[in-house]
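Topology and contacts: notes
Residue strings, one per chain:
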Amino acid sequence: AALFWHLCLACLHHSGTLDIESEEFAWLQVPQANSQILTGLLTFFIVFYSNHCYDRYTRLYELCRALLTHTVGAAMMIRMSYRVPRRGTLKEGKRCVQLSVRYLLASVILFFMEVLQDDKIEAKDWEFLQEAGLLQPITVRLLSE
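This paragraph deals with the environment of D125. Relative to the assigned elements, D125 resides in helix α4 (residues 123-131). D125 sits in the buried class, given a relative accessible area of 5%. When the C-alpha atoms of D125 and M113 are compared, they prove to be 7.7 Å apart, with 12 residues separating the residues in sequence.

Quick look at the state of the cysteines now. Throughout the structure, instances matching the rule amount to zero disulfides. Looking at C11, it has no disulfide partner, and the nearest cysteine sulfur is the one in C8, 6.6 Å off. A residue is classified by how much of its surface remains accessible, and C11, at 47% relative accessible area, is partly exposed.

Right, let's get into unusual backbone geometry. One non-glycine residue, D118, lies in positive phi territory at about 55°. In this fold, D118 is placed in the loop between α3 (90-116) and α4. On the basis of relative accessibility, which here comes to 61%, the residue D118 falls in the exposed class. A positive phi is found at D119, a non-glycine position, where the angle reads about 60°. Mapped onto the elements of the fold, D119 is located in the loop between α3 and α4.

This part is about a nonpolar patch on the surface. A cluster of nonpolar side chains, contributed by I37, L41, F44, F45 and F48, occupies part of the molecular surface with about 540 Å² of accessible area. One can find I37 in helix α2 (residues 32-80).

With that settled, the discussion passes to the packing of aromatic side chains. Using the criterion set out here, one finds four aromatic pairs in the structure. Look at F111 and F112: their rings are 5.3 Å apart centre to centre, the planes differ by 65°, and that puts the pair in the edge-to-face class. An aromatic cluster is present here, built from F44, F45 and F48 joined pairwise through their rings.

The rules behind these values
- Residues numbered from 1 in each chain as written.
- Predicted model: local features only at pLDDT ≥ 70, side-chain atom pairs only at ≥ 80, totals over all residues.
- Heavy atoms only, no water.
- Helix = DSSP H or I, 4+ residues; strand = E, 2+ residues; numbered from the N terminus.
- Buried < 20%, exposed > 50% of the residue type's maximum accessible area, 1.4 Å probe, protein only.
- Disulfide = S-S within 2.5 Å.
- Patch = residues over 30% accessible without salt bridge, like charges linked within 9 Å, V, L, I, M, F, W, Y side chains within 5 Å.
- Areas by Shrake-Rupley, 256 points an atom, 1.4 Å probe, with all protein chains shown as cover.
- Salt bridge = Lys/Arg side-chain N within 4 Å of Asp/Glu carboxyl O.
- Phe/Tyr/Trp six-rings, centres within 6.5 Å; stacked < 30°, edge-to-face > 60°.

Such coordinate-based values are descriptive only and should not be taken to indicate function.
Next up, the structure:
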């Protein structure tokens, strides 16, 4: 906290708002040796914090890329493992594959929507999924309850 206030006072002094050269504010002056120590500590913590934030961003990016890669892989597996049913037609089978992949994509998009909106899916989000053709109105009603 003291480092923060020192930084604020230094900014006020350099902007001309606060004149710490006067006797009234003499108690605010920091000796040169202490100033160097504070500057070193501040630089260390800024670099340390920036590095930590970058590491977190890199890890999150890797996880998001892996999620999207696995989503594509799952869609491919659904398509590749499909077989024509004995009693059904080819058209019915393709509809099952399309429905499965649509649900898979909708779940991934809902996941990202929840992350961005603090676990709150709003009506506009459900409308977006309907307009994109991923969910039908009946499915939206069932899932949003």
